[in-house]
Amino acid sequence: MNLTTPALLFPAISLLLLAYTNRFLTLAQVIRQLNASADRGAALVQCQLPGLKRRIALTQYMQGFGVLSFLLCALSMLALFLEAEVAGQWMFGTSIVTLAVSLVLSLIEVLLSTEALSLVVRDLEQAKREGDGSGA
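Trainee: Run through the nonpolar core, naming residues and quoting values.
Mentor: Of all hydrophobic cores here, the largest spans 12 residues; its members are Leu9, Ile13, Leu16, Leu17, Tyr20, Leu58, Met62, Cys73, Phe92, Leu99, Leu105 and Leu112. When contributions to this core are tallied by element, the ones reaching two or more residues are helix H1 (4-36), helix H2 (43-81) and helix H3 (85-135). The greatest single-element share of this core, amounting to five residues, is contributed by H1. For Met62, the contacting residues outside a window of four places in its chain are Tyr20, Arg23, Ser102, Leu105, Ser106 and Glu109.

This is the structure:
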């Protein structure tokens, strides 16, 4: 294994961390908007709170494992540069494992996000049905 192997993973992890940061910022914006909303005590908002809490925690862990993966990748490159091949290989392998954990957490967060959107769609459909029923 040479120095270029972990170097190939380096930009991918950087882009992944950027995507995670964007997701975190969007989640923070949604929470702040819900907090500022006059309807913050509404049933729909209250139903979303547990999912939002889980998504915050998942995003924190996603970012943590992503940063750890990035750090291990950098240390792997350093070890390979210093000709400590076995240490470099282990750190690179661990970097890939932590990256995989980060990606699985990301998938779980996306599934929770989709579940939250489904709640909103159901609420919109119910409001439409109630609106159609009262107009007849």
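Trainee: Let's hear about the packing of H1 against H2: which residues, and what values?
Mentor: At a minimum axis separation of 9 Å, H1 and H2 run at an interaxial angle of 160°. Relative to H2, the element H1 is oriented roughly antiparallel. Crossing angle aside, the handedness with which H1 passes H2 is left-handed. Residues that form the contact of H1 with H2 fall into these classes: 22 nonpolar, eight polar and two charged.

Trainee: Give me the environment of Leu27: which residues, what numbers.
Mentor: With respect to the secondary-structure elements, Leu27 resides in helix H1. A relative accessible area of 2% means that Leu27 is categorised as buried. With 26 residues separating them in the primary sequence, Leu27 and Met1 have C-alpha atoms 40 Å apart. The contacts of Leu27, once residues within four sequence positions are left out, are Leu52, Arg55, Ile56 and Thr59.

Trainee: Outline H1, supporting the account with residue identities and numerical values.
Mentor: Counted at 1.5 Å a residue, the expected span for H1 with its 33 residues is 48 Å, and the 49 Å between its end C-alpha atoms agrees. When H1 is considered as a whole, its buried residues turn out to be Pro6, Leu9, Ile13, Leu16, Leu17, Tyr20, Leu27, Ala28 and Leu34.

Rules behind the numbers
Residues numbered from 1 in each chain as written. Predicted model: local features only at pLDDT ≥ 70, side-chain atom pairs only at ≥ 80, totals over all residues. Heavy atoms only, no water. Core = buried A, V, L, I, M, F, W, Y, C linked by side-chain atoms within 4.5 Å. Buried < 20%, exposed > 50% of the residue type's maximum accessible area, 1.4 Å probe, protein only. Helix = DSSP H or I, 4+ residues; strand = E, 2+ residues; numbered from the N terminus. Contact = heavy atoms within 4.5 Å. Axes fitted to C-alpha atoms, helices over the stretch in contact; angles between N-to-C directions. Parallel < 35°, antiparallel > 145°, perpendicular 65-115°, else oblique. Left-handed = near helix turned anticlockwise from the far one by under 90°. Nonpolar A, V, L, I, M, F, W, Y, C, P; charged D, E, K, R; others polar. Expected span 1.5 Å × (residues − 1).

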